[in-house]
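# Summary of structural features
Spelled out, the chains give:
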Amino acid sequence: MAHTEQRTARRDGRRRPRGRTGRRVAYGFLSLTAVAVAVLFVTPYLVSASAGLAPDYAEQGSAVSLVFLVHVVTGGLALLLAPLQIAARVRARSPRLHRVAGRVVLGAIAVAGCTSLAIAPFTTGGPVAGVGFGTTGIVWLVCAAAAFRAIRRRDVAGHRRWAVRTFALTYTAVTLRLLHVPLTAVLVVLGTDVGVADDRAYATLALVSWVIDLAVAEWYLGTRRRRTASRHRRPASEHPVTAGAAAELEGAA
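Right, let's walk through the structure included here. None of these values were measured; they are calculated from a predicted model.

Helix and strand counts for the protein stand at 10 helices and 0 strands. Mapped in sequence order, the helices and strands of the protein form the string α-α-α-α-α-α-α-α-α-α. A separation of at least 24 residues holds for 68% of the contacts in the protein among residues at least 6 apart in sequence. Of the accessible surface of the protein, which amounts to about 14900 Å², a share of 65% is contributed by carbon and sulfur atoms.

So, in structure tokens, the structure goes:
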């Protein structure tokens with residue numbers, strides 16, 4: 001019996017590293033791309049500020065340009081710090097850093113979300129992109145507020161679920177840029193003019209990027225719930241910790 005339990009424990013031990021490796025690879029990809037977009041796409045606006053605020057919005061007046069710049073900076077800050085908020089090691093080893101970074105991210109999202117609603121009607125991507133950016137801003141604010149409300153009520157599990165959704169919506173800035181070139185290429189292959197294809201791809205992704213990211217977040221949360229439920233339903237003899245403890249007890253006897 002002890003040998004059977006030990007073999008079960010070893011199989012569970014072999015499965016766990018693969019799961020951890022996959023999660024680490026996914027986290028590394030999300031973190032790297034988030035930081036890259038936050039740095040590479042925000043910096044040009046900061047540099048151009050010396051000559052003129054947000055030159056793409058110059059025709060809309062200085063007020064709109066300034067609001068757009070504030071949106072870019074605060075949205076970039078939220079994107080830059082967001083990976084810290086979903087890092088389990090940071091939560092476990094440095095809860096104070098997690099709380100401080102969380103407050104900064106929440107404040108940045110509050111400003112970036114509100115400014116996105118203000119500039120959505122003036123976006124250079126047209127009305128479709130404007131609707132997309134405005135919708136993203138609303139859903140982003142709702143999820144961030146829900147995460148904050150949950151932790152204020154000491155609902156840690158609920159807070160983590162809403163934090164995952166908030167990260168997904170923060171990441172839409174990355175999704176739009178990662179998919180822009182491939183979608184443009186597909187439209188060109190289908191016979192669309194390059195300039196038109198670029199505009200259509202941008203507008204389409206502005207409209208649907210938040211849906212894609214939120215769907216992935218819900219899939220992840222659902223997978224984690226099923227994994228947790230499955231672990232709880234397993235017989236005690238198949239639980240790696242219980243099996244290991246039983247083997248040690250039998251060996252000692």
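What follows concerns the nonpolar core. Within the largest apolar cluster, 13 residues are counted, with the highest numbers of intra-cluster contacts made by A78, I109, V139, W140 and L169. Put simply, the parts of the chain that give this core at least two residues each are α3 (62–85), α5 (95–119), α6 (127–152) and α9 (194–233). When residues no more than four places from it in sequence are discounted, the contact partners of W140 are G75, A78, I109, A112, G113, T166, L169 and T170. In terms of nonpolar packing, the next biggest core, distinct from the first, is built from 8 residues, V37, A82, Y171 and V174 among them.

A word on a positive patch on the surface. On the surface, R20, R23, R24, R89, R93 and R227 cluster together to form a positively charged patch. Those elements that provide at least two residues to the positive patch are α1 (2–40) and α4 (88–93). The greatest single-element share of the positive patch, amounting to 3 residues, is contributed by α1. Structurally, R89 is set in helix α4.

Let's shift gears to the packing of aromatic side chains. If you walk through the whole model with that rule in mind, you get 2 aromatic pairs. Seen from their ring centres, F133 and Y202 are 6.1 Å apart, and the 65° between their planes marks the pair as edge-to-face. Taken together, the positions of F133 in helix α6 and Y202 in helix α9 put the pair 69 residues apart, joining distant regions of the chain. Classification of F133 by relative accessible area gives partly exposed; the value is 23%.

Moving on, we come to unusual backbone geometry. What is expected of a backbone is that most residues other than glycine have negative phi and most peptide bonds are trans. For R154, which is not a glycine, the phi torsion comes out positive at approximately 60°. Tracing the sequence through the fold places R154 in the loop between α6 and α7 (156–170).

Oppositely charged side chains are able to pair whenever their charged atoms sit close together. In this structure the tally under the stated criterion is 1 salt bridge. The shortest N-O distance in the salt bridge between E218 and R165 comes to 2.5 Å. You can see E218 sitting in helix α9 and its partner R165 sitting in helix α7, a full 53 residues away along the chain. According to the relative accessible area criterion, E218 is partly exposed, its value standing at 32%. The exposure class of R165 is buried, given its relative accessible area of 12%.

Moving on to the layout of surface pockets. The volume enclosed by the second largest pocket comes to roughly 1000 Å³. What lines the second largest pocket is a set of 38 residues, among which H71, F133, L176, R177 and Y202 lie closest to the centre. Of all the secondary-structure elements, those providing two or more residues to the lining of the second largest pocket are α1, α2 (43–48), α3, α5, α6, α7, α8 (172–189) and α9. Taken together, the residues of the lining of the second largest pocket sort by class into 21 nonpolar, 13 polar and 4 charged.

Time to look at α8. If you check α8, its first and last C-alpha atoms are 25 Å apart, about what 18 residues at 1.5 Å a residue would give, namely 26 Å. Along its length, α8 reaches its greatest deviation from straightness, about 35°, at H180, and the proline P182 lies no more than four positions downstream. Among the residues of α8, those classed as buried are T172, V174, T175, L176, H180, T184 and L187.

What follows deals with the side chain of S116. Of note, S116 is situated in helix α5. Among the polar contacts listed, one links the side chain of S116 to the backbone oxygen of G113, at a separation of 2.6 Å. In contact with S116, other than residues within four places in its own chain, are H71, F133 and G137.

Now for the packing of α3 against α5. Where α3 contacts α5, the two axes come as close as 8 Å, and the packing angle between them is 150°. Here the hand of the crossing between α3 and α5 comes out left-handed. Residues belonging to the contact of α3 with α5 are distributed by class as follows: 18 nonpolar, 8 polar and no charged.

The rules we used
- Residues numbered from 1 in each chain as written.
- Predicted model: local features only at pLDDT ≥ 70, side-chain atom pairs only at ≥ 80, totals over all residues.
- Heavy atoms only, no water.
- Helix = DSSP H or I, 4+ residues; strand = E, 2+ residues; numbered from the N terminus.
- Contact = heavy atoms within 4.5 Å.
- Areas by Shrake-Rupley, 256 points an atom, 1.4 Å probe, with all protein chains shown as cover.
- Core = buried A, V, L, I, M, F, W, Y, C linked by side-chain atoms within 4.5 Å.
- Buried < 20%, exposed > 50% of the residue type's maximum accessible area, 1.4 Å probe, protein only.
- Patch = residues over 30% accessible without salt bridge, like charges linked within 9 Å, V, L, I, M, F, W, Y side chains within 5 Å.
- Salt bridge = Lys/Arg side-chain N within 4 Å of Asp/Glu carboxyl O.
- Lys, Arg positive; Asp, Glu negative; His and termini not counted.
- Charge placed at Lys NZ, Arg CZ, Asp CG, Glu CD.
- Phe/Tyr/Trp six-rings, centres within 6.5 Å; stacked < 30°, edge-to-face > 60°.
- 1 Å grid on protein atoms, 1.4 Å probe; cavity = no way out; pocket = protein on both sides within 12 Å on 5 of 7 lines; lining within 4 Å.
- Points joined across faces, edges and corners; volume = space filled by probe spheres on them.
- Nonpolar A, V, L, I, M, F, W, Y, C, P; charged D, E, K, R; others polar.
- Expected span 1.5 Å × (residues − 1).
- Bend = angle between axes of the 7 residues up to and from the residue.
- Polar contact = N/O pair within 3.5 Å; in protein donor to acceptor, adjacent residues only side chain to side chain.
- Axes fitted to C-alpha atoms, helices over the stretch in contact; angles between N-to-C directions.
- Left-handed = near helix turned anticlockwise from the far one by under 90°.

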